[in-house]
Every structure is written in structure tokens, then in C-alpha cells.
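Remarks on the overall topology
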Amino acid sequence: MKREKTVRTGNKEKRLPIVFRRKLLTVTAFIMLFSMAFIALITPLLKNLSVLDILSPQLSEIKEEVVYNSDFIFDAVKSMFMYDSKLPDEEFITSTLEYWGSPQWYVIDENGTVIMSDDKSKINTTVPEDSVIGGYHRELSDTQKGSCRISDIPSEDFQSGNWEKYVAASLGNGAVMVVIFDSSTYYPQTDGIMESVCSFKTVGKNGCDLIVHQDGTIISPPEKIRTEKNNKLTQSDIKKLLSAAPENSLLQVNLQGTEYCAIYQQADGYYAVSIISKNEVMLSLYIIILVSMFLMLLLLVIVFLRVNGLTKRLIVDNIGKINSELSEITGGNLDVEIDVKDNLEFRQLSDGINTTVSSLKGYIARESERFNKELELARAIQTSALPNVFPPYPNRHDIDVYASMNPAKQVGGDFYDFFFIDSTHFAFLVADVSDKGIPAAMFMMKAKTIIKSLAQANRSADEIICIANNALCEDNEADMFVTIWFGILDTDKGLVSYINAGHCKPLIRRSGTGFEFVRERPDFVVAGEESVPYTRRELKLCSGDALFLYTDGVTEAVDISDELYGDDRLQTALNAQSTSSARGICETVRKDLTLYSDGATQTDDITMLAVVFNGMRLYREITVEAKVERLSEVNAFLEEQLDASEFDMRSATQICVIADDVCSNIVYYAYPDKDSGMMKVAFSFDPKTDEAEITFTDSGIPFNPLNVPEPDISKIEEGEEGGLGIMLVRKFSDKLLYEYSNGQNILKIIKRRNKNSR
């Protein structure tokens, strides 16, 4: 069959290191972008935290200083009354408190009765226990002289504007003095000392700390210092700031075209304010973010390089080594052992691959052994079905046939066959099954058997192939088919009736000329489709003509360059030989194929068959039991053939005497251990040479009459038996030949016809 060439193509694949680096770089970039997005999302929060980190400590410090200064001033108030051991009188208290703005004051004795006050209506009244004054009296009446309590201004009272600051001191003997300041008497005492609290404080480059009144009046730093520091904030700016959000809230406000971040708290009658430019905060924040991102990027680059290096060393290089060794294994070298054992995983992988390869080697060995057995079986089926004894018909000189089949390593389905349907019709064929192996061999056997059985039923060539085609189509689940060149030669007429069912075109050599292709359109293959018609064609052969049949394994044999042998070279090789025998024709082609292939692998079966027709030579044969009563049939057969060959009377009589003696010898002596056996007598006559060849064949005990010594005539005349028949056979024969082959005695008698005596 014709072979199909396959071209394999593959896509270029990316290498693992490149893929890994790209994936790792993608992950790194994703982490970086995610980090940037995350930072962008939390920047407002970071800004607030950053502002609070800057302003909160400042604000707490200012508040502490305000409270401290306030308490210090009012601690001095109580000290004015602690130098005398007796209670101060009303005049002294009044004159002293005039310096502090004449605030309200009360002196309460140990019983809770007001004994002195700037409000005369309160004298001799009892202080309610649940009042603020009553609370201080309870707390200090039992303490030593000089004990003091200074109240803070509650934030809610401060915001409402209705607030008072209390200074309470123990005067001894259970007496308590309470001085009450309101805004009119408080601020004149504290504003002056508060001016210096923020005079030298800064917040960043453009920020500041302020102490302000509830109405926005800036107390500290004073205007002069603010001017020197280019602080242009006004009372209205501060009022805007205080109204933007409640105290302790981080707020963002635009003052005089500049965005500020600020926070403020009530601090003992004042607002402590800490303020900074938003741009300054954001600049600092952006610097921190950029530095953080740079460090993160640097860290990611270091991690990328480190992971890439470790991955390359621990994974990629090992995978590359394993792939390299696997390439050798897949290339057919199963002796390679993978030894990559840098870590547990690769050790397990290497051991697993080595175990798999070892198992594969064992499996291949077992499969190879099984496959070789199958090949041997297929070859045995193939070769056992083919005639392989040459010459196959040594008694016939009108036909010379030789065939050979050289199977490829992978057994194909080529086959040939030849046989006589009867004494004058010779069938021969060459075929090629589409598949290979045991299925093809079995299909070949089936096809060969069907064709031979149909031919022996005396059907025509086209009938034989049509019926065989339908029979082979049945149950052909493998969809195999066969190409066949089948012919039947009439040896009396030299006429070949043949069918070419999709097979290679044969070559014919006419006597005295070279081989030429028989060019014709072949019919469809056999077993391809049911009920296909086949056309019977005819060839006329003359004496010396030859037919050469072959399969495509001949013309499609290749050399080491994968070039086909081809039709032209086949024709040239056939015409270059000088032999006229069928064996010589086939062996010439076989030698030229061997020379052409020059060691290239044989990919298909090489099958060829040659038939040489040597003219219309008479050939007949008869087979009978080796019994006395059957000798008359042999005599009648020979007389008929001698008469048809126009033998002269004398020569014909001598041949009959020879036949009678040889056949009698077979009947009486060939089968001593059996009742009888078989004997065959073949008659062949060549009109060109006027020679007849009579062949006697039996399967009895070996006996060579040529080894029998000449008899003593004198003893025969005296009546002794034996030797006379052999003597007559030798005397009447022109040539006497004997051989023992395949368990048979074969005796050939050659006798020339005498034309002049007829």
C-alpha cells in the first residue's frame, strides 16, 4: 500500500524562567499598585493622625500652662490672708481685694454662718450645704490654716458665659474664706500673664499656638509678636475657626485664603488653639509616604531578586535538568537516570521518574517480546500460506513460475499464489492487504482461500473476483481491503484471462523484446464495496513470453535519502538482465533493490511473481491406486497421449513396456507395509524437440532403479528371475533420471519420437 507522510508542527512555548519572572513581576506590580491605592485611601486618615500628632501635644502643653498660671495667681490671693494668726478684718479684706478687682467674697465660721462678706445682706446667714460655697466649707473647715482649693471653670459653663471661679482657703478655727471671680474680675488678673504663654511657641513653619477669649480676641501671643512673626490672623478669623466645629475636634478651615488644620480646647476661661497650615502637613505626609513607598519598592525589588534567584536555583535549574534528562528518555534512551535531589520534593520526583522509567523498560521488554511473538506468528501465517517449493512443477516444461515475498519488519498483508485448476489451466495472483500485522495476515488467508476454492470450481476470472469481493465485504469491521492481480493461463492456447483490482500494473516481455508495462485502468479494490463489477481482460502469450507481477513494496522501496525506487528503475532493471528463467527475473529485481536501498529500512513487504510461458507443450497426468486392476487405466492413458503426440508404433510400444514394468514394480514392492498406496503418471511432449517425458511418482519405500546392477543374461536364460524389467527400461529409454524428494520416488523416462518411422 502507499505510505502517507506526516509533517509534525509545534507551537513555540515560553520557557519556565521567563514565565515565572513575568508572574513574579506581575505579583510585585500588583502589590505595589495595591499599596498605592491603599495609601491613597488612608491618606486623609493619615493626615488627621499626623495633624493630631503635631497639634495635640502643643495644645495639652498650652492648656497646662494656662491652668498653672491661673492657679498661681489665685494661690497668691489666699496667701494675702495667711500671715496673721487672727482672722483678718473686713476692712483689710476689702482693701486687699480691691487690687484683684473687688470680687465677691465670704468668710464663714465653723458653724456655716457668714460672718463677713462684700454683700452685707448675706452676713449672719447660713450657707446652704448643697451650694458650691457650702461644699468648700465642708471640705476645708476641718483643715489646717492655709489649706486652699481653686476651682476649674467647667467647659459647659464657659460656653454659656455664665461661669465663676472659686478660691477657697482655711483661715483656721473652722473659718473658711471663699473669693468668687467672674469674667469681669477674672480676666483683668489673668490676661497679662497669659500673654507670654504662646509668645515663643511655634507649630511647624507656618503654624502657631494661641490663647483666645470666647469672642475670638487673641491674648497670646500679643499683637507685636504676631506682627513680627507675620501672623495676620484676626479676631474674626478666630471666631470663624471657633464656630467651625466644637472643641476637641480636628477641623479644617480657610483663613485669609489659606487652608488650616486646627484644634482647640477650653482652658480655665480661655480657648487654647493650635493651628498649622494644611500644605505643611500634607508636604510632610507626602514626604513620609514617598519615602515609605520607596522603601517598600526597594524591599519588593530585593524580595523579587531574592525569590527569583532562589526559585531559579532551587526550582527552575532543577526542572531544566530534569527536562534535559527527560528529553533523552523520550528520545529513546531509557538508561538515563535522573539524579536531582537538592530537596525532598525533587528527590521524590526523581525517584518517581526513575521508578516509572524502570517500569516502562520492563513493560517495553515484555511488550517487545509479545510483539515479536505476534510478528513471528504473523510471518508464520503469511509464509506458510505461500507456495515455497521451486520449481513447483518439475514435470512441466510449458510453464516456468517463481515467486518471492520479503516481509518488512512490521508484517504486512502481501501474498501470492499459483496452482493448476486442471492440466491446462494455470491460475496465479499477487495481492496486497491494506492493513498490517496479524489482522492483515488473517485477512490474507481468508482472501487466498476464497479465491482458490472459487477457481477450482472452474469459474471465470471475473466471476471469481466478484464473488470473493462480496464474501470479503461481509463482517469486515476493520474496513480492510486488498488489491489483486489475478490471472488464469490456458496452456493449450497461451491465453491469459485476468482481473486487475486496484493493483500495480504488471510488465510483459514478448519473446525477443524487453519488458513493457501493461497500461490499463484498474478496477476497484476487493472488499472495498459490495456488488462492484470487474472487467475481465485477456493477454495472448507466445512461447518465451514472460509476465512480471509485484506489489507496491517494490516501486516504493526507498534509499537512504528517502527517494522512491519507482517504475522507471524497475523497468530498467528487468531489461538489464539476460536470464530468461522466472527465478532469474525475480532475483535480478531483488538484487537491484538491495543495491538501491543501500541499508535503508524496508518499510513494506516486497513481493514479486514471474511466469514464463514456454509454448503450447502437451502435458497430462493420471493418479491411481497402486493396484493391479488399475494398471489398465494407466496403459489406456499412455496410449491416448502417445496417439495424440503422433508417436511411431515402435517407440510407443517401448514406452508402454517401460510403463508396465515400472508400474508393476510400484504395485508389488512400493508399499510392503500397506495394502496399497497411490501412484501418479505424468506425460509431457514437446513438439519442438520431439521428446516425451514420462514421470512416475509414488510415496513408497525409497528405491533407485539406477543403482540396480546389470543382470547376467546367461542366468536369465537358465530360468532365474529378476533384473530383466530393469534391463528393458534402460534399453528402451533415451534418458533415465531418478530422485527421492519430499518422501517420494520420482523416476523420469525421456523418449524421442521417430517421425520417419510413423
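Placed above this text is the structure.
All of these numbers come straight from a predicted model, not from anything done at the bench.

**Some words on the overall build of the protein chain**
A tally of helices and strands in the protein chain yields 18 helices and 25 strands. A compact globule built from 758 residues should have a C-alpha radius of gyration of about 27 Å, whereas the protein chain, at 67 Å, is more than 25% larger. For the protein chain, the spread of C-alpha atoms along the principal axes amounts to about 210 × 55 × 45 Å. Counting every position in the protein chain, which comprises 758 residues, the buried fraction comes to 46%.

**Side note on the packing of aromatic side chains**
On inspection of all chains with the given rule, the structure shows 24 aromatic pairs. With centroids separated by 5.1 Å and ring planes inclined at 80°, the aromatic side chains of F158 and Y271 adopt a geometry described as edge-to-face. Residue F158 is located in helix α4 (residues 155-160), and its partner Y271 is located in strand β10 (residues 271-277); the two are separated by 113 residues in the primary sequence. Look at F158 and you get buried, because its relative accessible area is 0%. Overall, the relative accessible area of 6% leaves Y271 in the buried class. Three or more aromatic residues joined by ring pairs make a cluster, and in this case those are F390, Y393, Y402, Y416, F418, F420, F426, F428, W485 and Y498. The aromatic ring of F517 is capped on one face by K505, whose charged end is 5.1 Å from the ring centroid.

**Brief notes about the side chain of E693**
Relative to the helices and strands, E693 is located in strand β23 (residues 691-698). Polar side-chain contacts of E693 include one of 2.8 Å to the side chain of H397.

**Description of a negative patch on the surface**
Taken together, the side chains of E474, D475, E477, E529 and E530 make up a negatively charged region of the molecular surface. Relative to the helices and strands, E477 resides in the loop between α11 (461-473) and β14 (482-490). E477 sits in the exposed class, given a relative accessible area of 75%.

**Some thoughts on the sheet that holds strand β17 (residues 515-517)**
The antiparallel open sheet is built from five strands, whose spatial order is β11-β20-β19-β16-β17. On the outer flanks of this sheet lie β11 (399-406) and β17, each paired with one strand and no other. Along the sheet, successive strands turn relative to each other by an average axial angle of 15°, direction set aside. Bridge count for β11 against strand β20 (residues 606-613) is eight bridges, and the pairing is antiparallel. Counted as the bridge partner of I399 is F613 from β20.

**A short note on the sheet that holds β14**
With antiparallel pairing, five strands are arranged side by side in an open sheet as β12-β13-β14-β15-β18. Looking at strand neighbours, the two that pair on one side only are β12 (413-422) and β18 (537-540), the edges of this open sheet. Neighbour-to-neighbour, the strand axes of the sheet open up by a mean angle of 15°, direction not taken into account. Where strand β15 (residues 495-501) and β18 come together, four bridges link them in antiparallel fashion. Note that in β18 the partner of Y498 across the bridge is R537. The strands touched by helix α10 (residues 437-455) within the sheet are β12, β13 (425-433) and β14, with β12 carrying the most contacts at an inclination of about 15°.

**Remarks on unusual backbone geometry**
In the segment running from F390 into P391, the intervening peptide bond is cis, with an omega of 0°. Its place among the elements puts P391 in the loop between α9 (344-384) and β11. A positive phi angle, near 65°, is found at D562, a position not held by glycine. With respect to the helices and strands, D562 occurs in the loop between α12 (552-555) and α13 (566-576).

**Considering the pattern of salt bridges**
All chains considered together, the criterion is met by 16 salt bridges. The partner of E90 in a salt bridge is K120, and the shortest N-O contact between them spans 1.7 Å. Here E90 is found in helix α2 (residues 90-98), whereas its partner K120 is found in the loop between β2 (114-117) and α3 (132-140), with 30 residues between them in sequence. The shortest N-O distance in the salt bridge between D268 and K165 comes to 2.9 Å. Linking D268 in the loop between β9 (258-266) and β10 with K165 in strand β4 (residues 165-172), this pair joins segments that are 103 residues apart in sequence. For K165, a relative accessible area of 0% translates into the label buried. Shared partners join several salt bridges into a network, and the residues in it are E625, K627, R630 and E633.

**Considering the packing of α13 against helix α14 (residues 582-597)**
A packed helix pair is summarised by two numbers, namely the angle formed by the two axes and the spacing between the axes. Close contact between α13 and α14 brings their axes to 9 Å; oriented N to C, the two are set at 130°. Between α13 and α14, the angle is such that the two are oblique. The two elements α13 and α14 cross, and the hand of that crossing is right-handed. Of the residues in α14, those touching α13 at R569, L570, A573 and L574 are I585, T588, V589, D592, L595 and Y596. Taken together, the residues of the contact of α13 with α14 sort by class into seven nonpolar, one polar and two charged.

**Let's talk about the pairing of β13**
Every regular strand shows the same layout, with side chains that alternate between the two sheet faces. Burial of β13 is extensive: eight of the nine residues sit out of reach of the surface. Pairing of β12 with β13, which is carried by nine bridges, proceeds in the antiparallel orientation. Within β13, the residue paired with F415 across the bridge is A431. Connecting β12 to the antiparallel partner β13 that follows it, the hairpin turn spans two residues.

**Some words on the pairing of β10**
With respect to burial, β10 is a largely interior element, seven of its seven residues being buried. Taking every second residue as pointing to the same face, both faces of β10 are buried, with Y271, V273, I275 and S277 on one and A272, S274 and I276 on the other. In this structure, β9 lies alongside β10, joined through seven bridges in antiparallel fashion. By the bridge assignment, Q265 is partnered in β10 with A272. Where β9 folds back on β10, the antiparallel hairpin that results is connected by four residues, among which D268 adopts a positive phi of roughly 50°.

**Quick notes on the environment of G514**
By the secondary structure assignment, G514 is in the loop between β16 (507-509) and β17. Here G514 falls in the partly exposed class, since its relative accessible area comes to 32%. Through-space distance from the C-alpha of G514 to that of E280 is 111 Å; in sequence the pair is 234 residues apart. Discounting chain neighbours no more than four positions away, the residues touching G514 are I508, R509 and N575.

Calculation rules
Residues numbered from 1 in each chain as written. Predicted model: local features only at pLDDT ≥ 70, side-chain atom pairs only at ≥ 80, totals over all residues. Heavy atoms only, no water. Helix = DSSP H or I, 4+ residues; strand = E, 2+ residues; numbered from the N terminus. Rg over C-alpha atoms; globule rule 2.2 N^0.38 Å. Buried < 20%, exposed > 50% of the residue type's maximum accessible area, 1.4 Å probe, protein only. Phe/Tyr/Trp six-rings, centres within 6.5 Å; stacked < 30°, edge-to-face > 60°. Lys NZ or Arg CZ within 6 Å of the ring centre and 35° of its normal. Polar contact = N/O pair within 3.5 Å; in protein donor to acceptor, adjacent residues only side chain to side chain. Patch = residues over 30% accessible without salt bridge, like charges linked within 9 Å, V, L, I, M, F, W, Y side chains within 5 Å. Areas by Shrake-Rupley, 256 points an atom, 1.4 Å probe, with all protein chains shown as cover. Salt bridge = Lys/Arg side-chain N within 4 Å of Asp/Glu carboxyl O. Lys, Arg positive; Asp, Glu negative; His and termini not counted. Charge placed at Lys NZ, Arg CZ, Asp CG, Glu CD. Pairing = 2+ DSSP bridges. Axes fitted to C-alpha atoms, helices over the stretch in contact; angles between N-to-C directions. Contact = heavy atoms within 4.5 Å. Parallel < 35°, antiparallel > 145°, perpendicular 65-115°, else oblique. Left-handed = near helix turned anticlockwise from the far one by under 90°. Nonpolar A, V, L, I, M, F, W, Y, C, P; charged D, E, K, R; others polar.

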